[in-house]
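Listed below, chain by chain, are the residues.
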Amino acid sequence: MSETTPASGAADTATAPFRYSAALAAEIESRWQDIWEKEGTFHAPNPAGDLADPAAADVAAKPHSFIMDMFPYPSGAGLHVGHPLGYIATDVFARYQRMNGYNVLHTLGYDSFGLPAEQYAVQTGTHPRVSTEANIANMRHQLRRLGLGHDPRRSIATIDPEYYRWTQWIFLQIFNSWYDEQAHRARPISELVAAFADGTREVPGGRDWAALSGAEREEVLGDYRLAYAKEVPVNWCPGLGTVLSNEEVTADGRSERGNFPVFKSNLRQWMMRITAYSDRLISDLDLLDWPEAIKLQQRNWIGRSEGARVDFAVGERKITVFTTRPDTLFGATYMVLAPEHDLVDTVVPAAWPEGTPEAWTGGAATPAEAVTAYRAAAAAKSDVERQVEAKVKTGVFTGAHAVNPVSGEPVPVFIADYVLMGYGTGAIMAVPAHDHRDFAFARAFELPMRCVVEPTDGRGEDPAGWDDAFDTYDSVIVNSAHTEGTEDGISLNGLGVVEAKAAVTTWLTARGIGEGTVNYRLRDWLFSRQRYWGEPFPIVYDEDGVMHALPESMLPVEVPQVDDYSPHTYDPFDSTSTPKTPLSRNEDWVNVELDLGDGVKTYCRETNTMPNWAGSCWYELRYIDPSNREQVVDPANEQYWLGPTEQKPGGGADLYVGGAEHAVLHLLYARFWHKVLHDLGHVSSVEPFHKLFNQGMITADVYRDERGFPVPAAEIEERDGQYFWQGEPVKREAGKMGKSLKNAVAPDEIADEYGADTLRLYEMSMGPLDVSRPWDTRAVVGSYRFLQRLWRNIVSETSGELVVTDEEPDEATLRALHKAVDGVRADMAGLRFNTAVAKAIELNNYLVKRGSTPRSVAEQVVLMVAPLAPHIAEELWRRLGHGDSLAHTDYPVADPAYVVDESVTCVVQIKGKVKARLEVAPSISDAELEALALADPAVVAAIGGAEVRKVIARAPKLVNIVTG
RNA sequence: GCCCCGAUAGCCCAAUCGGCAGCAGGCGAUGGUCUCAAACACCAUACAGUGUGGGUUCGAAUCCCACUCGGGGCACCA
């Protein structure tokens, strides 16, 4: 073997020809990967369908474990060592579960529609399918080297027509349903149509269903469907040439991908009525074993707030506001409408009321002019400008006054852009004394304030002298009474905030001018994109423009060939541009002759495509039944793998590992789809993912030259704590690993130098799985040395013969073994692989020191490390004389008798300082221990005749004596 | 501005319920064995008192309060 690597050592072949070298590791690893593949070692049988295994015993009776990684996007750049961290972790856990008798479903598919392939296609002319499939092949190859125990039969890709036919099918399910608020679930739209037709449900507007045209009916149903097309204000991103969902836009009004400006634009787009599920998406979080931080992010994103709707009369009309603080209604001294609010035009009078302050008019001669000018100015502002100017409140008086419903006092009505049209009713009652934003506005426009919540910080009840609003919940209401004692009178004075809210809400409800209500921050999900490389919608339009869903039999609607894949992008700042879809360029595809029941007619296809979240919204279901042509998933298989159990009341995959960056987007969308499918009876589970685990990132040092540009990290020289690149000093900092920072390390490099088992072990031992940690290539050798020592304890480096002995292990060795097994089991179950590795190393080091390894111990050690370093374990297992793969062999079980020590060291403290140590039995009682400690000569000497005030005994480890 | 998470040797990290801070583990450093020499491998040694300041307790890395630094989320959501 002439090929050597630095780690294997040039002379190894001479001095230690059978050492565990990189070359030997490579040979073992590729051999076992072939065996696993050939024997289908990781095939998980289903209870039913074509992945059922007739030879397997009753599968449904076997405990199952469905382990998932977040769907990867196969990048053209290839993997770096940060990518497989989670895949290795799930593989270790999956192998551990398999050795505990579970039927383990673990596979990996590819989320492969999306922007990068399209951009690459535009640059190179390569069809996205070609480049995407090449990337998938490359990633599969890279991952195969790591020895991941995936079931290859279940590895799907979202771009496969056989996959996306079901994505389109699910879209049709959602399109053909509505949300029944009474039943709290989705129902088929046909049931709504039937209710409209037979009169059990009134058609909105009181019309007769039978008399409506097809287009009119479709318009009515559009307000109910869970997927609907509508002209809505959307996030239009000219730089990307597409619209974006709210979740894809950053706080400063830019696209998450590409960082282009985003503009509000009214466009006809596809939406998903995710808001119908707001409450269930919040409450069902309680069923899940997820990190609290992620649950919190989802709750915040949905943003449920309880409050009240209150009507304010303006002449003959009324303005409805939403408030979370109806208790402060007496403090409402003015109102604000969003500039785009419909009622603005109708309330504006012809002239300014007498005595209108100059500052309120914006310098305009009439209210109508002022409103028009302010609206124009507000509309011209980008979100970024709005953000920056958020501190300075702007607005203009409409000339109208409304009546405060509790006090009867007139309050001026303003428009201002600090009130958002998209939240609540687009109108607020302003309570400047108790809201920071209203306070700032009131100060700018010299509006009156009234204190109605008693300040608890000694500032007094006159807001004139305040620096800011007082907004606590923890106080009582004051100055809030009107015509008390009369029939219509009300007083909130002296009530706590919570009681006052209830009291005023009851009062408003009784008079029909308000009611308790709940508002959400969450908006409906914008579901269409103007892209080429995505799932086409299974929707066509007839010559009257009426929408028709394609029947199931016409699926999949395949992505057509076009001359040019590029989206029509614009100057990123051109807010007046409008989207053009790539699919519309192929007229042969757009115009089709179909028979949808009324004979063959000409239709034209929907040319938007679905966002790339679509494919990842339901892939867990397809992993279960990847080749089912009849159903999205066989209920028997879904029930088995995902169905609710006592441990997971909502059902879902047993473990889902991935990055925290998907906290709201993917996880919220996937939960929503799953719930719709549940409501329609297609799945038994309520939630897709029961246990979620966020793995940390692998970071790496970034080196920057004088100009601040990253230089290749691999070429850095270190001298005396300084870093140099090509002789020039450079600065070091921590950063994300990746191509752009020139610090990526490929898993292949590490596997070449040490073997995949070493890489797996190192990644698992770097630290807890959920925290980010820096990559250190130099440290990898530690894991390699461990595997060498493990090998050497079992196989002779000089002869290649087994060196295990046939002796019976002594008690100390058994204790070391069983303690390690006990600890490693607990760590594996808790996904604490770093400490599991440490315990395995500790045991192995013990065996090195011992000088020889009894065969029975060697076997247990091999099984113990098998999930972490499966190739070397399989090889040693075979050399130890076993014919079969150890993948399904029972994991070692600790004997409790050997887990506890025969004696433990008890420390005796005097006032917290250690003064003596005692060897005692683990079962010793507190009293015995106390007596023993007080009798110890060293302790007696240390007390030195001082008074013993107190003795704390914590058997068997500690006694603390407090002297006076 | 608000919310969440974190801080232990030169570095990555351990430390069940508050109970001896490290023979959990690893990297690196130093010395040694092996070698003609080196690399590999092996053996041995040293290095912190837990970000800062207070508090609770017989006892605090662990609980509480304030602050500093780092990471993440939200941000005119009424």
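Residues numbered from 1 in each chain as written. Chains lettered and ligands numbered in written order. Predicted model: local features only at pLDDT ≥ 70, side-chain atom pairs only at ≥ 80, totals over all residues. Heavy atoms only, no water.

1. Quick notes on the side chain of Asp524
Rules: Secondary structure elements follow DSSP: runs of H or I no shorter than four residues count as helices, runs of E no shorter than two count as strands, and numbering proceeds from the N terminus. The buried label applies to any residue whose accessible area, calculated with a 1.4 Å probe on protein chains only, is under 20% of its type's maximum; exposed applies above 50%, and partly exposed to all values in between. For the purpose of charge, His is not counted, nor are the chain termini; Lys and Arg are scored as positive and Asp and Glu as negative. By definition, a salt bridge exists where a carboxyl oxygen of Asp or Glu is found within 4 Å of a side-chain nitrogen of Lys or Arg. For this analysis, a polar contact is any N or O atom pair within 3.5 Å, provided that within protein one partner can donate a hydrogen and the other can accept it, and provided that sequence-adjacent residues contribute only side-chain to side-chain pairs. In what follows, a contact means two residues having at least one pair of non-hydrogen atoms within 4.5 Å.
Looking at the secondary structure, you find Asp524 in the loop between strand E16 (514-519) and strand E17 (525-526). This buried residue, Asp524, is left without a salt bridge; Arg273 holds the nearest opposite charge, at 4.3 Å. Among the polar contacts made by the side chain of Asp524, one reaches the side chain of Tyr228 at a distance of 2.5 Å. Here Thr275 takes part through its side chain, which lies 2.5 Å from a polar atom of the side chain of Asp524. Once residues within four sequence positions are removed from consideration, Asp524 is found in contact with Tyr228, Asn246, Met271, Met272, Arg273, Ile274 and Thr275.

2. Some remarks on the packing of aromatic side chains
The condition that has to hold: For Phe, Tyr and Trp, rings pair up if their centres lie within 6.5 Å, where Trp contributes its six-membered ring, and each pair is then called stacked (planes under 30 degrees apart), edge-to-face (over 60) or tilted (otherwise).
Within the structure shown, the criterion is met by 48 aromatic pairs. Ring centres of Phe71 and Tyr623 lie 6.5 Å apart, and the angle between their planes is 85 degrees; on these two criteria the pair is classed as edge-to-face. Separated by 552 residues along the polypeptide, Phe71 in the loop between strand E1 (64-69) and helix H3 (85-98) and Tyr623 in helix H17 (residues 619-624) bring together distant segments of the chain. Just as Phe71 is buried, Tyr623 falls in that class too.

3. Observations concerning the pattern of salt bridges
Summed over the entire model, instances satisfying the criterion amount to 42 salt bridges. The salt bridge partner of Arg671 is Glu687, with a shortest N-O separation of 2.9 Å. You can see Arg671 sitting in helix H19 (residues 665-679) and its partner Glu687 sitting in the loop between H19 and strand E23 (692-694), a full 16 residues away along the chain. Glu687 sits in the buried class, given a relative accessible area of 0%. Note that Arg792 is salt-bridged to Glu797, the shortest N-O span being 2.8 Å.

4. Digging into the sheet that holds strand E22 (residues 655-658)
Quick reminder of the rule: Only strands joined by at least two bridges in the DSSP assignment are considered to pair. To obtain each axis, a line is fitted to C-alpha atoms, and for helices this fit is confined to the stretch in contact; angles are then taken between N-to-C directions over 0 to 180 degrees.
Taken in spatial order, the four strands make up an open sheet running E2-E1-E22-E23, and their pairing is parallel. Lying at the two open borders of the sheet, with one neighbouring strand each, are strand E2 (103-106) and E23. Going from strand to strand, the sheet's axes swing by 15 degrees on average, the running direction of each strand aside. Bridging between E1 and E2 involves four bridges; their strand directions are parallel.

5. Focus on the protein's contact with RNA strand B
Note the following rule: It suffices for a single heavy atom of a residue to lie within 4 Å of a molecule or strand for the residue to be listed as near it. Three categories are distinguished: nonpolar for Ala, Val, Leu, Ile, Met, Phe, Trp, Tyr, Cys and Pro, charged for Asp, Glu, Lys and Arg, and polar for the others, with Gly belonging to the last.
Near RNA strand B there are 56 residues, and of these Thr324, Tyr423, Arg437, Arg917 and Asn960 occur at the shortest range. Taking the atoms of RNA strand B that fall within 4 Å of the protein, sugar and phosphate contribute 63% of them. Here a phosphate oxygen of RNA strand B and a side-chain polar atom of Ser305 are 3.0 Å apart. At eight residues, helix H24 (residues 833-850) tops the list of elements feeding residues into the surface near RNA strand B. Residue composition of the surface near RNA strand B, grouped by class: 23 nonpolar, 14 polar and 19 charged.

6. Thoughts on a positive patch on the surface
This is how it is decided: Every patch collects residues that have over 30% relative accessible area and no salt bridge, joining them within 9 Å if they carry like charges and within 5 Å if they are nonpolar side chains (Val, Leu, Ile, Met, Phe, Trp, Tyr). Each accessible area value is a Shrake-Rupley result obtained with a 1.4 Å probe; residue values ignore everything except the protein chains displayed when judging cover. The atom standing in for a charge is NZ when the residue is Lys, CZ when it is Arg, CG when it is Asp and CD when it is Glu.
Taken together, Lys911, Lys913, Lys915 and Arg949 make up a surface patch of like positive charges. Tracing the backbone shows Lys915 in strand E31 (residues 913-920). Judged by relative accessible area, which is 46%, Lys915 ranks as partly exposed.

7. Topic: the environment of Met70
Mapped onto the elements, Met70 comes out in the loop between E1 and H3. Sequence separation of Met70 and Arg773 is 703 residues, and the distance between their C-alpha atoms is 20 Å.

8. A short note on the nonpolar core
For clarity, the cut-off: In these notes, a set of buried Ala, Val, Leu, Ile, Met, Phe, Trp, Tyr and Cys residues joined through side-chain atoms within 4.5 Å is what counts as a nonpolar core.
Counting residues in each nonpolar core, the largest one holds 177 residues, and the members touching the most others are Phe171, Trp525, Phe527, Trp673 and Trp775. When neighbours within four sequence positions are excluded, Phe527 is seen to be in contact with Phe171, Trp270, Met271, Met272, Phe537, Thr609, Met610, Pro611, Ala614 and Trp673. Counting 62 residues, the second largest nonpolar core, distinct from the first, contains Ala370, Ala402, Val413 and Cys451.

9. Digging into the packing of helix H2 (residues 22-39) against helix H26 (residues 870-879)
Our working rule: Any angle between 65 and 115 degrees counts as roughly perpendicular, while under 35 counts as roughly parallel, over 145 as roughly antiparallel, and the rest as oblique.
Two numbers describe how H2 lies on H26: the axes approach to 9 Å, and their chain directions differ by 85 degrees. Our classification of the angle between H2 and H26 gives roughly perpendicular. Counted together, Ile28, Glu29, Arg31, Trp32, Gln33, Ile35 and Trp36 of H2 and Pro870, His871, Ile872, Glu874, Glu875 and Arg878 of H26 form the full contact between these two elements. For the contact of H2 with H26, the class distribution of residues is six nonpolar, two polar and five charged.

10. Some points on the pairing of strand E11 (residues 396-403)
The element E11 is largely enclosed, with a buried count of six among its eight residues. In the sheet, E11 pairs with strand E12 (residues 410-415) via five bridges, with the strands oriented antiparallel. From the neighbouring strand, Ala402 faces E12, where its bridge partner is Val411. What sits between the antiparallel neighbours E11 and E12 is a turn of six residues, in which Gly408 has the positive phi angle 75 degrees.

Function cannot be inferred from these measures alone, as they are strictly geometric.
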